[in-house]
Amino acid sequence: MKIRLSTTQIILFSFLAAILVGTVLLTLPISTASGEATPFVDALFTATTATCVTGLVVVPTVVHWSLFGQIVILLLIQIGGLGIITVMAGLALLLQRKIGLADSVLIQDAFNLNSLSGLGTFVKKVILGTLLIEAVGALLYMLVFIPEYGAKGVWISIFNAVSAFCNAGIDIIAEDSLRAYATNPLINLVTCALIVLGGLGYIVWWDILRVCKEARHKQGGPLRYLTLHSKIVLASTAVLILGGAVLFFIFEYNNPATMQGMSLYDKIQAAFFQSVTTRTAGFFTIPQEGLTNSSAILSLLLMFIGGSPVGTAGGIKTVTFAVLLAAALAAIKSRNEVTLFGRTVPKAAVHKAIGVTCMSFAIAFISTVALAYVTDAPALDILYEAVSATATVGLSRALTPTLNAVGRLIVTMTMYLGRIGPISLAVAFAFKKETDNNIKNPTEDVRIG
């Protein structure tokens, strides 16, 4: 009997295949600087965190892995950021092969698009746009890293640019991420720009470019001609980043473990970077274990929300969060329709937002309980780890390297589930049942609140 997989299942198993191939390569002695084989669990963890663009690491990337191992990790980050289906489609286009209907459906599911038209062009623009932005980021990084590291600075710049754009948060600079560059304006700005551009989502890029091209032919501000999706993404991203930066600045201003010894300008830099990196990037310039409880809790919220759809970031996504808030406001005001920017949000989008949020919360909760069972770490550190893995962020309160084998496997599974998406997971393994749309169950009232 021939087994037929759904498009969502193909996406899930393609990610799994990439992780397993990466694991095998990383277990080879050639992948380590010492020439010794890496334990399977550690190799699996590293391959998963790279492919799922998370950034949690159990061994120091800068000293444990050889150049070969770092190349494997970088390729997994790039594949995970773009999506395996996109990479496969890009290779097909490079070989001048046409994208068939089955491949088109895969691409549509991978990017959560509403149409099958123009997918070949879309894939080309995604790949070229990604490579262009990463190249610019790498060149800007080189202004700092080449004078400091010499020829090695070129490789460091390329690695960091790809990792930042893909919201992976893995670097080959030091074991304490970017703490040495907490007061370097260029490193801060370039890293933040790459993180935000990757997290905005590809369709927002094209929408902004479209509006800019058409702006001279239309009256009024260009923002009014953006799609509802782009408006929600840009508005929510700005509010979350700026609001988060202000709160981090207040919470950490006099914290001796993080920002107390910095100048006012450097405190602003550090607060802004912390707000941006919680969009699921994973880099840090101030120690996460040194954060005040207020900042740690704020970070949990920002990490859980994450970036925006059809991009490289994780989390439940900004649009999901905005739709949930709008739905709650509509319920409070006893309105039948959920509206944002003067437009009605489809009920299907509201239902999906609820589903994504509940599934993500369930994954984070189960992961937290499981980690608490196998480790004696403080509850806040465990929760931070679980939410970071679920939202594929990569920030940790120094807990990751101390986890035992079981704890590492729990985080590995959490990263995988967080990356492939709660709704995709539910759809992929759900049994399809034929239902008669004309038959409806009886309605009965329930008490809420």
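All chains use their own residue numbering, which begins from 1 and follows the written sequence. pLDDT decides what is reported in this predicted model: residues at 70 or higher carry local features, side-chain atom pairs at 80 or more are listed and counted, and totals for whole chains, interfaces and linings draw on all residues regardless. Only hydrogens and water are removed before side-chain values are computed, so all heavy atoms of the structure are retained for them.

1. Quick look at helix H15 (residues 347–374)
The way it works is that DSSP assigns letters per residue, a run of H or I at least four long becomes a helix, a run of E at least two long becomes a strand, and they are numbered from the N terminus. To estimate how far a helix should reach, multiply one less than its number of residues by 1.5 Å. Here H15 spans 41 Å end to end across 28 residues, near enough to the 40 Å set by a 1.5 Å rise per residue. Only protein chains enter the accessibility calculation, which uses a 1.4 Å probe. A residue is then buried if its area is under 20% of the maximum for its type, exposed if over 50%, and partly exposed in between. Those residues of H15 lying buried are Val350, Ala353, Val356, Thr357, Ser360, Ile363, Ala364, Ser367, Thr368 and Leu371.

2. Focus: helix H12 (residues 264–277)
Look at H12: 20 Å from first C-alpha to last across 14 residues, which is about the 20 Å you get at 1.5 Å a residue. Burial runs high along H12: 10 of the 14 residues are buried. Turning to H12, its buried residues are Asp266, Lys267, Gln269, Ala270, Ala271, Phe273, Gln274, Ser275, Val276 and Thr277. Any two residues having at least one pair of non-hydrogen atoms within 4.5 Å are treated as being in contact. Those residues of H12 hidden inside the fold are in contact with helix H9 (185–200), helix H11 (228–252), helix H13 (293–305) and helix H16 (379–390).

3. Concerning unusual backbone geometry
Its identity as a non-glycine residue notwithstanding, serine 177 has a phi of 55°, on the positive side. On the secondary structure map, serine 177 appears in the loop between helix H8 (152–165) and H9. A relative accessible area of 5% means that serine 177 is categorised as buried. Phi is positive for threonine 392, which is not a glycine, with a value near 50°. A residue is classified by how much of its surface remains accessible, and threonine 392, at 1% relative accessible area, is buried.

4. Topic: the packing of H9 against H12
Axes here mean lines fitted to C-alpha atoms, for a helix over just the part in contact, with angles spanning 0 to 180 degrees between N-to-C directions. Where H9 contacts H12, the axes come no closer than 10 Å and their chain directions differ by 20°. Considering their axes alone, H9 and H12 lie roughly parallel with respect to each other. As for how H9 packs across H12, the hand of that crossing is left-handed. Packed against H9, whose contacting residues are Pro185, Asn188, Thr191, Cys192, Ile195 and Val196, the element H12 presents Tyr265, Gln269, Phe272, Phe273, Val276 and Thr277 at the interface. Convention used here: angles under 35 degrees read as roughly parallel, angles over 145 as roughly antiparallel, angles from 65 to 115 as roughly perpendicular, and any remaining angle as oblique. Two helices that cross are described as forming a left-handed crossing if the nearer one is turned anticlockwise from the farther one by less than a right angle, and a right-handed crossing if clockwise.

5. Some details on the layout of surface pockets
Detection works on a 1 Å grid of protein atoms alone, calling trapped sets that fit a 1.4 Å probe cavities and calling open sets with protein on both sides within 12 Å along at least five of seven lines pockets, with lining residues defined by an atom within 4 Å of a point. Grid points are joined across faces, edges and corners, and a volume is the space filled by probe spheres set on the points. Computed from the structure, the second largest pocket encloses a volume of approximately 490 Å³. Lining of the second largest pocket is provided by 28 residues; of these, Val57, Glu175, Asp176, Phe284 and Pro401 occupy positions nearest its centre. Residue type decides the class: Asp, Glu, Lys and Arg count as charged, Ala, Val, Leu, Ile, Met, Phe, Trp, Tyr, Cys and Pro as nonpolar, and the leftover types, Gly among them, as polar. Partitioning the lining of the second largest pocket into residue classes produces 14 nonpolar, nine polar and five charged.

6. A few points about the side chain of asparagine 188
By the element assignment, asparagine 188 lies in helix H9. Any N or O atom pair separated by 3.5 Å or less is treated as a polar contact, with the protein-specific requirement of one donor-capable and one acceptor-capable atom, and with residues adjacent in sequence counted only for side-chain atom pairs. Polar side-chain contacts of asparagine 188 include one of 2.7 Å to the backbone oxygen of asparagine 184. Ignoring sequence-local partners within four residues, the contact set of asparagine 188 consists of Tyr181, Ala182, Thr183, Gln269, Phe273 and Thr285.

7. Considering the packing of H13 against H16
Taken N-terminus to C-terminus, the directions of H13 and H16 make an angle of 20°; their axes are 9 Å apart at the nearest point. Overall, the two elements H13 and H16 adopt an arrangement that is roughly parallel. In this structure, the crossing between H13 and H16 has a hand that is left-handed. Facing H13, whose interface residues are Asn293, Ala296, Ser299, Leu300, Met303 and Phe304, H16 presents Leu380, Leu383, Tyr384, Val387 and Ser388. Residue composition of the contact of H13 with H16, by class: eight nonpolar, three polar and no charged.

8. A word on the nonpolar core
Among buried residues, the Ala, Val, Leu, Ile, Met, Phe, Trp, Tyr and Cys ones that are joined through side-chain atoms within 4.5 Å form a nonpolar core. Ile77 and Tyr202 are the most contacted members of the largest nonpolar core, which totals 87 residues. If you tally residues by element for this core, the top one is helix H7 (residues 119–149), at eight residues. Met262, Val356, Val387 and Leu395 belong to the second-largest nonpolar core, a separate cluster that totals 25 residues.

9. Some points on the pattern of salt bridges
Pairing between side chains of opposite charge can happen when their charged atoms approach one another. By definition, a salt bridge exists where a carboxyl oxygen of Asp or Glu is found within 4 Å of a side-chain nitrogen of Lys or Arg. As enumerated under the stated definition, the model contains three salt bridges in all. For aspartate 42, the salt bridge goes to arginine 408, with nearest N and O atoms at 2.5 Å. With aspartate 42 in helix H2 (residues 40–51) and arginine 408 in helix H17 (residues 405–420), this residue pair connects regions lying 366 residues apart in the sequence. Aspartate 42 sits in the buried class, given a relative accessible area of 11%. Taking the relative accessible area as the measure of exposure, arginine 408 reaches 12% and is therefore buried. Note that aspartate 207 and arginine 210 form a salt bridge whose closest N and O atoms lie 2.5 Å from each other.

10. A closer look at empty space enclosed by the protein
In the structure shown here, the tally under the stated rule is one cavity of 30 Å³ or more. By volume, the largest cavity is sized at about 50 Å³. For the lining of the largest cavity, the element with the most residues is H9, which contributes four residues. Considered class by class, the residues forming the lining of the largest cavity number four nonpolar, four polar and one charged.

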